[in-house]
Amino acid sequence: MQGFKRTVTCGLVNESFLNKTVNLSGWVNRRRDHGNLIFIDLRDRSGLVQLVFNSDFSSQAHKAAHNLRSEDVISIEGLVVERSAGTVNADIPTGKIEVQVKQFEVLNKVTKNLPFTLEEADKVEEELRLKYRYLDLRRESVRKKFELRNNIIFEMRNFLHNKGFYEVETPILTKNTREGAREFLVPSRIHPGSFYALPQSPQLYKQILMAGGFEKYFQIARCFRDEDLRADRQPEFTQLDMEMSFINETDIQSIIENLLSHVFEKIFNKPLNLPLARMQYKQAFDEFGVDKPDLRFGLKIQDFSGVFEKTEIKFLRSVLDQDGKIGGIVVREKIFTRSELDALVESALTFGAKGLLWIRFNDEGKPESPIAKFLPDNFFDQLKSFVPDIQKTNTLFLIAGQYDEAWPLLGRLRLKLGSDLKLINKDELNFLWVTDFPMFEYDKQEKRWSATHHPFTSPQDGWENLPIGEFKARAYDIVLNGVELGGGSIRIYKKEVQEKIFEILGIDLATAQKEFGFLLEAQELGFPPHGGIALGLDRFVMLLTGADSIREVIAFPKTARGYDPMMEAPTAVDEKKIRDYGLMFIPKKK
Ligand code: ASP
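Since the model is a prediction, treat every value here as computed from it, not as a measurement.

## Some thoughts on the overall build of the protein chain
When helices and strands are tallied, the protein chain shows 15 helices and 22 strands. With the C-alpha coordinates aligned to their principal axes, the bounding extent of the protein chain is approximately 95 × 70 × 55 Å. Within the protein chain, the proportion of its 590 residues that are buried is 46%. At a minimum sequence separation of 6, the contacts of the protein chain that also span at least 24 residues come to 67%. For the protein chain, the computed accessible surface area is about 31,400 Å², with 50% contributed by carbon and sulfur atoms. Across the protein chain, the 82 positively charged side chains and the 86 negatively charged ones have centroids separated by 4 Å.

Have a look at this one:
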């Protein structure tokens, strides 16, 4: 027998149970031992309830309760009674009652020192916390994130089923697809020397499902990318992946908007204001230096090259002579001290800027700046013709360089200023569609074009007559508070277009045939026009729970170094296993 059969969960025991006998099971959250009276907060997933042990009620239970420790798992039988007036706790739903324990059984005794108490968990090293993730998951604040995650997924599924989507699982063992990221490889034992790849997304399968006539597909899909990790990256993560046939961009965008609004309405009782804002990629990059602008604050980037058209300041002159630009941000919100300005210059250097120039104006409009003595006397007036509302107490920050290099640095500076100056309203949810992306990016080092989205994205009409660098993609990203929540595109469904795009990407016909023969063939056997999108579920839940990292909303995340401290994965395997796969282990040269 595993204790007394539970009749109610801890968090639900309220006044309606008064004078009734209940059976409860759970963890000892805390014991307060007053000798003749022992209080224990018993915890299960639903919450806490106060147990009382006293010798008048059951001397045996009272005696045994002296030995209970935090995190022991127990099962009790007891009587629900009212708390005395002074001991009512209005903060918890069970605060008006307590349970007098008649008898109890210890189901699992803590026999070792806890590596950390639940209250301490926030302060211990992440690796230790992940090694004992089950202790960590017992915390209310952690559990709540997973409850929310669960509810979000449930509502997404509900919405999509009602809209006629099929939920389909696609393979985990698949083939390298050149979607863009590095893939994990899995050696095949049956085909020695051959490898499966883990999918970086179900991209090609979902397109093939459209060739299969499914029309509306979705999946809560696990994706794998063998990339260097960052705070918001994991080697495996989850996407809400979707694809639809006979649609255009706005159909996909509208489904996503309505889906998000449904989730917000069901979970937070707050539907979104639709349609969501939109911005073309070019404007996003010009004004914010990124493809995922955070529009919760201003500080737009402006092109100040014109102000310095005739400058003789050497480094600015040389940038302009090499077709570079001088971009800048005007800060009106604060008068900076010299040391604050120095600190900003330092951080711009850490972003990779060669320098950050600041120009602060005094009350008379005289510029103070490392280049002050090289600026014309009427500099402030010149500036005013570019930025009519500039004030004498404002500060101008400038970065000079090639447009594609200087603007991202200005974008990072903008984010830093926004956060340092506390211009961001943390409660705001700012959604934005970014559209009209360039189709290709030129890799100067590799001297070749690569796909901005992925090679299966359709170019916008008219591409046949444009230089490659000017092709626009039928791609769109959805951004929330400066974080890319997801992205998708209308796909190519005609073989000749797909082959042309492969050719631009340097994939010759023979290679295309070898790697994507199935896709090209499907494009000759009745392929409908189609498109889709994927939303990063972990990121979405992270933003909605206010977590700092996606690791907090993944039940068993890897550490920042891709390690699982609980399972201790990855591990070495014995030589026999390696042989079974026909593999040989060659240590990497240091
Ligand atoms: N497969 C893409 C991704 O994972 C999304 C899409 O184009 O639907 O980012």
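## Overview of the packing of aromatic side chains
Tallying each qualifying case throughout the model produces 23 aromatic pairs. Ring centres 5.3 Å apart and planes at 35° place the aromatic pair Tyr281 and Phe437 in the tilted group. Remark: Phe437 occurs in the loop between strand E17 (431–435) and strand E18 (440–443) and Tyr281 occurs in helix H7 (residues 281–288); sequence separation between them is 156 residues. For Phe437, a relative accessible area of 6% puts it in the buried group.

## Some thoughts on the site of the ligand
Surveying the vicinity of the ligand reveals 14 residues, the closest of which are Ser201, Gln203, Lys206, His453 and Arg491. The contact in question runs from a nitrogen atom of the ligand to an N or O atom on the side chain of Ser201, over 3.0 Å. Protein burial of the ligand: of its 270 Å² of free accessible surface, 90% is covered by the chains. Secondary structure elements with two or more residues in the shell around the ligand: helix H5 (203–211), strand E21 (483–490) and strand E22 (530–536). Per element, the largest residue contribution to the shell around the ligand is three residues, and it comes from E22.

## Looking at the sheet that holds strand E2 (residues 37–44)
Pairing within the closed barrel is mixed, and its five strands lie in the order E1-E2-E3-E5-E4. Ignoring which end each strand starts from, the neighbouring axes of this sheet average 55° apart. As defined by bridge partners, strand E4 (residues 73–82) adjoins strand E5 (residues 97–108) across ten bridges and the pair is classed as antiparallel. When the sheet's bridge partners are listed, Gly78 is paired in E5 with Val101.

## Structural notes on the nonpolar core
Counting residues in each nonpolar core, the largest one holds 40 residues, and the members touching the most others are Leu240, Met242, Ile256, Phe431, Ile478 and Phe540. Considering each element in turn, this core owes the most residues, seven residues, to helix H6 (residues 249–268). Contacts of Ile478, omitting those with residues within four sequence positions, involve Ile256, Leu260, Leu276, Phe431, Leu432, Trp433, Val483, Glu484, Leu485, Gly486 and Leu535. Tyr217, Phe471, Ile492 and Ala522 belong to the second-largest nonpolar core, a separate cluster that totals 32 residues.

## A word on the pairing of E5
Of the strand pairs in this sheet, strand E3 (residues 47–54) and E5 are connected by two bridges, and their pairing is parallel. Looking at the pairing, Val52 lines up with Gln100 of E5.

## Remarks on helix H9 (residues 338–351)
Between its terminal C-alpha atoms H9 stretches 20 Å, which fits the 20 Å expected from 14 residues at 1.5 Å a residue. Within the span of H9, buried status applies to Leu341, Leu344, Ser347, Ala348 and Phe351. Projected down its long axis, H9 carries its buried residues within an arc of 120°, all on one side. Exposed side chains of H9 directed beyond 90 degrees from the buried face belong to Ser339, Glu346 and Thr350.

## A short note on the side chain of Arg133
In this fold, Arg133 is placed in helix H3 (residues 133–137). A polar side-chain atom of Arg133 sits 2.8 Å from the main-chain carbonyl oxygen of Ile554.

## Focus on the layout of surface pockets
Empty space within the second largest pocket amounts to approximately 1,200 Å³. Taken together, 31 residues make up the lining of the second largest pocket; nearest its centre are Phe184, Leu185, Asp226, Pro570 and Thr571. By residue number, the principal contributor to the lining of the second largest pocket is strand E7 (residues 185–187), which donates three residues. Across the lining of the second largest pocket, the residue classes tally to 20 nonpolar, three polar and eight charged.

## With respect to the sheet that holds strand E12 (residues 302–303)
Ordered in space as E12-E13-E16-E14-E15, the five strands form an open sheet in which the pairing is antiparallel. Both outer strands of the open sheet, E12 and strand E15 (367–368), are each paired with one neighbouring strand and no more. Here strand E14 (residues 357–361) runs beside E15; their pairing, made up of two bridges, is antiparallel. Each residue of the ladder has a partner; that of Phe361, found in E15, is Pro367. The sheet strands contacting H9 are E14 and strand E16 (395–401), and the helix crosses E14 at an angle near 160°. Helix H10 (residues 379–386) rests against E12, E14 and E16 of the sheet, and its axis sits at about 105° to E14.

What counts as what
- Residues numbered from 1 in each chain as written.
- Predicted model: local features only at pLDDT ≥ 70, side-chain atom pairs only at ≥ 80, totals over all residues.
- Heavy atoms only, no water.
- Helix = DSSP H or I, 4+ residues; strand = E, 2+ residues; numbered from the N terminus.
- Buried < 20%, exposed > 50% of the residue type's maximum accessible area, 1.4 Å probe, protein only.
- Contact = heavy atoms within 4.5 Å.
- Areas by Shrake-Rupley, 256 points an atom, 1.4 Å probe, with all protein chains shown as cover.
- Lys, Arg positive; Asp, Glu negative; His and termini not counted.
- Charge placed at Lys NZ, Arg CZ, Asp CG, Glu CD.
- Phe/Tyr/Trp six-rings, centres within 6.5 Å; stacked < 30°, edge-to-face > 60°.
- Near = heavy atom within 4 Å.
- Polar contact = N/O pair within 3.5 Å; in protein donor to acceptor, adjacent residues only side chain to side chain.
- Pairing = 2+ DSSP bridges.
- Axes fitted to C-alpha atoms, helices over the stretch in contact; angles between N-to-C directions.
- Core = buried A, V, L, I, M, F, W, Y, C linked by side-chain atoms within 4.5 Å.
- Expected span 1.5 Å × (residues − 1).
- Arc of directions from axis to C-beta.
- 1 Å grid on protein atoms, 1.4 Å probe; cavity = no way out; pocket = protein on both sides within 12 Å on 5 of 7 lines; lining within 4 Å.
- Points joined across faces, edges and corners; volume = space filled by probe spheres on them.
- Nonpolar A, V, L, I, M, F, W, Y, C, P; charged D, E, K, R; others polar.

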